[in-house]
Amino acid sequence: FSYCSGLTNIIIPENVQKIGDRLFEGCSGIVKVMWNVKNCTTGGSYSYIFSGCDKFTDLEIGENVEIIPEGVFKNTKITSLIIPDSVTEIGEETFEGCRNITSVVIGKNLKNIKKWAFEGCIRLVEIINHSDLELEKGSKDNGYIASNVINLKTDGESGVVNNGGYLFYTYD
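As the structure is a computational prediction, the values presented were derived from the model and not from experiment.

Undergrad: Please explain the packing of aromatic side chains as it appears in this structure.
TA: Note on aromatic pairs: each is described by the distance of the centres and the angle between the planes. In total, this model carries eight aromatic pairs according to the counting rule given. Plain terms: the ring middles of Phe-24 and Phe-50 are 5.4 Å apart, the flat faces sit at 10 degrees to each other, and that makes the pair stacked. In this pair, Phe-24 sits in the loop between strand E1 (9-12) and strand E2 (32-35) while Phe-50 sits in the loop between E2 and strand E3 (58-61), placing the two residues 26 residues apart along the sequence. Taken individually, Phe-24 and Phe-50 each receive the classification buried, so the pair is uniform in this respect.

Rendered as structure tokens:
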């Protein structure tokens, strides 16, 4: 599917076992991805599955997903992220370089965020953590998820608004 500009919405079904390197690379029309894969592998952190998908901002992770594999959404333009309760692990470099993510909601069963999973997510300012993971503002532990965070809370709604690239948020 590489460089197929006509693709706009992608649904990855639950029964997929492996995603090939650069599968959707350069698909400049992709806006939304529905990731339903329960547990699959990729070619690793250099698989660049969605590389060059410059309009890809909307990611929906299905309720049956258990593991989000290594490098799968690296360097995409995703703006926010809701990790459902079914997810137990996020692989290495999964969201690395996703500079537009501003907020993440973590489901209650997440146990492991592997190294560099959120490294380079410079606009990630808010985390709502429903899991037992111990997150600390400014920490590089847990895949750098809280390295730039300002709001770190365990309940409530997101207070982040992205208006034309400018972030507005409310403190707790």
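Undergrad: When you look at the sheet that holds strand E7 (residues 103-106) in this model, what are you seeing that I'm missing?
TA: Strands in a sheet are paired, the pairing made by backbone hydrogen bonds, and the direction either parallel or antiparallel. As summarised here, the arrangement of the four strands in space is E5-E7-E9-E10, forming an open sheet in which the pairing is parallel. This sheet does not close on itself; its edge strands, each paired only once, are strand E5 (80-83) and strand E10 (151-153). Within this sheet the neighbouring strands show an average axis-to-axis angle of 5 degrees, counted without direction. Direction of pairing for E7 relative to strand E9 (residues 126-129): parallel, over a ladder of four bridges. Among the inter-strand pairings, Val-104 is bridged to a residue of E9, identified as Ile-127.

Undergrad: Whenever I open this one, the nonpolar core confuses me. Can you help?
TA: The tendency in soluble globular proteins is for nonpolar side chains to be buried as a group. Counting residues in each nonpolar core, the largest one holds 44 residues, and the members touching the most others are Phe-95 and Phe-118. At the level of secondary structure, the elements contributing two or more residues to this core comprise E1, E2, E3, E5 and E7. Those residues in contact with Phe-118, other than ones at most four positions away along the chain, are Leu-81, Ile-90, Phe-95, Val-104, Ile-113, Leu-124, Gly-143, Tyr-144 and Ile-145.

Undergrad: Explanation requested: the sheet that holds strand E6 (residues 89-90) in the structure shown.
TA: Reading across from one edge, E4-E6-E8 is the order of the three strands in this open sheet, with parallel pairing throughout. Of all strands in the sheet, those bounded by a partner on one side alone are strand E4 (67-68) and strand E8 (112-113). Here E4 runs beside E6; their pairing, made up of two bridges, is parallel. Looking at E6, one finds that Ile-68 is bridged to Ile-90.

Undergrad: For this particular structure, what's the right way to read unusual backbone geometry?
TA: Most peptide bonds are trans, and most residues other than glycine sit at a negative phi. Positive phi, normally seen in glycine, also occurs at Asn-142, with a value near 55 degrees. Secondary-structure assignment places Asn-142 in the loop between E9 and E10. Unusually for a residue other than glycine, Tyr-144 sits at a positive phi of about 70 degrees. Among the secondary structure elements, Tyr-144 is positioned in the loop between E9 and E10. Using a relative accessible area of 21% as the deciding quantity, one classes Tyr-144 as partly exposed.

Reading the values: rules and limits
Residues numbered from 1 in each chain as written. Predicted model: local features only at pLDDT ≥ 70, side-chain atom pairs only at ≥ 80, totals over all residues. Heavy atoms only, no water. Phe/Tyr/Trp six-rings, centres within 6.5 Å; stacked < 30°, edge-to-face > 60°. Helix = DSSP H or I, 4+ residues; strand = E, 2+ residues; numbered from the N terminus. Buried < 20%, exposed > 50% of the residue type's maximum accessible area, 1.4 Å probe, protein only. Pairing = 2+ DSSP bridges. Axes fitted to C-alpha atoms, helices over the stretch in contact; angles between N-to-C directions. Core = buried A, V, L, I, M, F, W, Y, C linked by side-chain atoms within 4.5 Å. Contact = heavy atoms within 4.5 Å.

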